[in-house]
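# Coordinate analysis (summary)
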Amino acid sequence: MTREGLLTRRSLLKGTAATGAALALGAAVALNQEEPALADSEGGEVAIAHEQYGFLVDVSNCVGCENCVAACRKENALPDSYADRRWILEEEDGKGKTRRLSHSCMHCENPSCMAVCPAGAITKDNAGSVIVNKDRCIGCKYCYQACPFGVPSYNDDGMDKCDTCRGSGVAAGDTPHCVRACKFGALKYGPVSKIKEVPGVQPVDAPGHPSYYLKFPISYAVSAHK
């Protein structure tokens, strides 16, 4: 089962304008600087206790191949009846070009879904991943209503979404299978403190402070502020 949508759906790119014109004008210089090391397809690192980890999507590198989507389904053994935990979003940039990005649960620092769950089925681990205990989920769908991006999906086992591959044996802070599957450097994973140091990175501005950051081609960054 697939999931589709636009980059602008549920205000995914709401935070781009808030970064200011200075970011766009300085991107040409900043992108040539050395980036902090983040986990990619070569492997990961174990999280320091209680450090928030998150995803970085380099929009200029995402080709929409869906390797991340396939790896997520395969490695997490998702039944055909389950919706994708990760999917590719697409949007036209207004100049005849399509930009793409890999999208899933954003593992917010202060998850709205966790705050409204009456059963206490949603928690965060020591790497900041938002985890669902399906044995406690009562299927009320309050978490779906609270999520700014409509991420939670439902099946006979309860709510389902990305858990950064905890259920398939990936340790907290190690590289999720979707990131390992990306061959183009479009998807990375690591401590939010390091992601924020990447030149040209832009946060997703939404309730709960999503641990999900975007890096655009210079042309997109400039046009976003005109």
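The shown structure was predicted, so the numbers you read here are calculated from the model rather than taken from an experiment.

### Some details on the overall build of the protein
- If you tally the helices and strands in the protein, you get 7 helices and 10 strands.
- A separation of at least 24 residues holds for 68% of the contacts in the protein among residues at least 6 apart in sequence.
- Roughly 10700 Å² of accessible area belongs to the protein as shown, and the carbon and sulfur atoms make up 50% of that amount.

### Some words on the sheet that holds strand β9 (residues 201–203)
- A sheet is described by the order of its strands in space; here 4 strands give the open sequence β8-β1-β10-β9, paired in mixed fashion. On the outer flanks of this sheet lie β8 (187–191) and β9, each paired with one strand and no other. The mean angle between the axes of side-by-side strands here comes to 30°, regardless of whether they run parallel or antiparallel.
- Strand direction decides the pairing type here: strand β1 (residues 53–58) and strand β10 (residues 212–215), joined by 4 bridges, are parallel. In the sheet register, D58 faces β10, and the bridge partner there is K215.

### Overview of the pattern of salt bridges
- Applying the stated criterion across every chain, the model contains 8 salt bridges.
- One salt bridge connects E90 with R100, and the closest N-O pair in it is separated by 3.2 Å. Residue E90 is located in strand β2 (residues 86–92), and its partner R100 is located in strand β3 (residues 98–104); the two are separated by 10 residues in the primary sequence.
- Between R99 and E91 there is a salt bridge, with the nearest N and O atoms lying 2.7 Å from each other.
- By relative accessible area, which is 14% here, R99 ends up buried.
- Judged by relative accessible area, E91 falls into the buried class, the value being 12%.
- Beyond isolated ion pairs, a larger network of salt bridges with shared partners links R85, K134, D160 and D163.

### Section: the environment of L187
- In this fold, L187 is placed in strand β8.
- C-alpha separation for the pair L187 and L101, spaced 86 residues apart in sequence, amounts to 8.6 Å.

### Let's talk about unusual backbone geometry
- With a phi close to 50°, T164 is a non-glycine residue in the positive phi region.
- For T164, a relative accessible area of 1% gives the class buried.
- Residues other than glycine seldom take positive phi values, yet C165 does so here, at roughly 65°.
- Within the secondary structure layout, C165 lies in the loop between β7 (158–160) and α5 (177–181).

### With respect to the confidence of the model for the protein
- Summing up the model confidence of the protein, the mean pLDDT is 82 and the portion of residues at 70 or higher is 75%.
- Note that residues 5–11 has pLDDT below 50 and, in this model, 19 contacts with residues that lie over four places away or in other chains.
- Predicted confidence is poor over residues 14–34, with pLDDT under 50, and the contacts of this stretch with residues over four places away or in other chains come to 25 contacts.

### Let's talk about the packing of aromatic side chains
- On inspection of all chains with the given rule, the structure shows 2 aromatic pairs.
- For the ring pair Y53 and Y189, a centre distance of 5.5 Å and an interplane angle of 50° mean the geometry is tilted. Taken together, the residues Y53 in strand β1 and Y189 in strand β8 connect sequence positions 136 residues apart.
- Classification of Y53 by relative accessible area gives buried; the value is 2%.
- The exposure class of Y189 is buried, given its relative accessible area of 1%.
- Arranged with centres 5.1 Å apart and planes meeting at 50°, the rings of F55 and Y189 form a pair that is tilted. Taken together, the positions of F55 in strand β1 and Y189 in strand β8 put the pair 134 residues apart, joining distant regions of the chain.
- You can call F55 buried: its relative accessible area is 0%.

Rules used in this analysis
Along each chain, residue indices are assigned from 1 in the same order as the chain's sequence is written. The predicted origin of the model limits local features to residues at a pLDDT of at least 70 and limits the giving and counting of side-chain atom pairs to 80 or more, whereas totals for whole chains, interfaces and linings rest on all residues. By convention in this description, side-chain values take in all heavy atoms of the structure and omit both hydrogens and water. Where helices and strands are cited, they refer to DSSP runs of H or I of at least four residues and of E of at least two residues respectively, numbered from the N terminus. Contacts between residues were defined by any pair of non-hydrogen atoms, one from each residue, lying within 4.5 Å. Values of accessible area rely on a 1.4 Å probe in the Shrake-Rupley scheme; residue burial ignores everything except the protein chains shown. The pairing criterion is simple: DSSP has to find at least two bridges between the two strands. All axes are obtained by fitting lines to C-alpha atoms, using only the stretch in contact for helices, and the reported angles, taken between N-to-C directions, cover 0 to 180 degrees. Any Lys or Arg side-chain nitrogen found within 4 Å of a carboxyl oxygen on Asp or Glu counts as a salt bridge. Residue exposure (1.4 Å probe, protein chains only): buried if accessible area is under 20% of the type maximum, exposed if over 50%, otherwise partly exposed. Known as pLDDT, the predictor's per-residue confidence is scaled from 0 to 100. For Phe, Tyr and Trp, rings pair up if their centres lie within 6.5 Å, where Trp contributes its six-membered ring, and each pair is then called stacked (planes under 30 degrees apart), edge-to-face (over 60) or tilted (otherwise).

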